[in-house]
Amino acid sequence: MRRALLGHARALAGWTAGMAAYIALVAAIFPSIRGAEGIEELQEAYPEALRELFGLGEGLGLSTGPGFLDAELFSLVLPLLVIIMAVGSGARTMAGEEDAGRLELVMAYPVRRRAVVLWKGAAVAAEIAVATLVALALLAALDPLLDLGLPAGNLAAAVGGVAALALLHGWLALALGAARPSRVAAVGVPAAVAAAGYLVGGLHELAGWLDPLRWLSPWWWLGSSPLQNGVRPWGVVVVLAAAAVTLVAGALLVERRDLETP
């Protein structure tokens, strides 16, 4: 775990600094939006499909801090950034090391293969925790400065939901790299899962044929507009359970295959 964290420290610092800068920029825009004439009418003018897709549901006001940040951060951009970071870390941890010819050295240590996967999974989780805790601390600090009016409980739950989404996709990338020697699959499959889950979670009410698939979308399990409505606690449990099953599956499958060497 220590080796994985040290190897990814520079990338983690870059991702965290970039996310913090983006969060600060978006939050700093809000004072110019608060009380702006016509902002609510502009929101109502959006097609219903777009309002649902970007979390602009009923009762969500862009002129309020929670509504603005739900739409501009938590509906897509912040989860997407943390998911990309987690998938990159998970894919680089197993499939990337195998491509580079370093994984066979790690597996030669007197440690069970499954333990290697589980500890690398813990390192991915630690990276996600660092990035999301920085986001939480920054938003909590900006709240009184910019008069965002963020409920503390909902803010913590919203950031926790982002962490749960990232953990699921990051561990999926790690598990795929453990099961098969393909970095392309380790990156591409979680990316496709994230995109499909987002679309199903946002559009299932409008497209009836998507409604039966909503159970497969982790975005749907967590709910929409987390700063206003909070996050479904049982939904977080479901997403975390799916992430744990994925990681355990990768730990078991890595025992059954040969490693590729350059």
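The structure reproduced in this document is the subject of the present report. Note that the structure is a prediction, hence the values are computed from the model and not measured. (Residues numbered from 1 in each chain as written. Predicted model: local features only at pLDDT ≥ 70, side-chain atom pairs only at ≥ 80, totals over all residues. Heavy atoms only, no water.)

### Considering the overall build of the protein chain
Item 1. Helix and strand content of the protein chain: twelve helices and zero strands.
Item 2. Written out in order from the N terminus, the α and β elements of the protein chain read α-α-α-α-α-α-α-α-α-α-α-α.
Item 3. The buried share of the protein chain, reckoned over its 262 residues, is 45%.
Item 4. Within the protein chain, residue pairs in contact and separated by at least 24 positions form 75% of the contacts whose partners lie at least 6 positions apart. (Helix = DSSP H or I, 4+ residues; strand = E, 2+ residues; numbered from the N terminus. Buried < 20%, exposed > 50% of the residue type's maximum accessible area, 1.4 Å probe, protein only. Contact = heavy atoms within 4.5 Å.)

### A few points about helix H7 (residues 113–146)
Item 1. Here H7 is 34 residues long and its end C-alpha atoms lie 49 Å apart, about the 50 Å a rise of 1.5 Å per residue gives.
Item 2. Just past H7, the residue Asp147 takes up positive phi, approximately 55 degrees. (Expected span 1.5 Å × (residues − 1).)

### Brief notes about the nonpolar core
Item 1. One finds Leu69, Leu73, Phe74, Met94, Ile128 and Leu148 to be the most contacted residues of the largest nonpolar core, which totals 63 residues.
Item 2. With 14 residues, the single largest contributor to this core is helix H8 (residues 152–179).
Item 3. What Leu69 contacts, discounting residues up to four positions off in sequence, is Val26, Ala27, Phe74, Leu139, Leu148, Leu150 and Leu227. (Core = buried A, V, L, I, M, F, W, Y, C linked by side-chain atoms within 4.5 Å.)

### Structural notes on a nonpolar patch on the surface
Item 1. A cluster of nonpolar side chains, namely Trp15, Leu80 and Ile84, defines an oily patch on the protein surface of about 250 Å² accessible area.
Item 2. By relative accessible area, which is 32% here, Trp15 ends up partly exposed. (Patch = residues over 30% accessible without salt bridge, like charges linked within 9 Å, V, L, I, M, F, W, Y side chains within 5 Å. Areas by Shrake-Rupley, 256 points an atom, 1.4 Å probe, with all protein chains shown as cover. Salt bridge = Lys/Arg side-chain N within 4 Å of Asp/Glu carboxyl O.)

### Here we look at the packing of helix H1 (residues 2–33) against helix H4 (residues 65–74)
Item 1. Following both chains from N to C, one finds H1 and H4 inclined at 135 degrees, their axes separated by 10 Å at the closest point. Classified by the interaxial angle, the pair formed by H1 and H4 is oblique. For the pair H1 and H4, the crossing hand works out as right-handed. Of H4, the residues touching H1 (which contributes Tyr22, Ile23, Val26, Ala27, Ile29, Phe30 and Ile33) are Gly65, Phe68, Leu69, Glu72 and Leu73.
Item 2. Here the contact of H1 with H4 is built from residues that sort into ten nonpolar, one polar and one charged. (Axes fitted to C-alpha atoms, helices over the stretch in contact; angles between N-to-C directions. Parallel < 35°, antiparallel > 145°, perpendicular 65-115°, else oblique. Left-handed = near helix turned anticlockwise from the far one by under 90°. Nonpolar A, V, L, I, M, F, W, Y, C, P; charged D, E, K, R; others polar.)

Taken by themselves, the reported measurements are silent on function.
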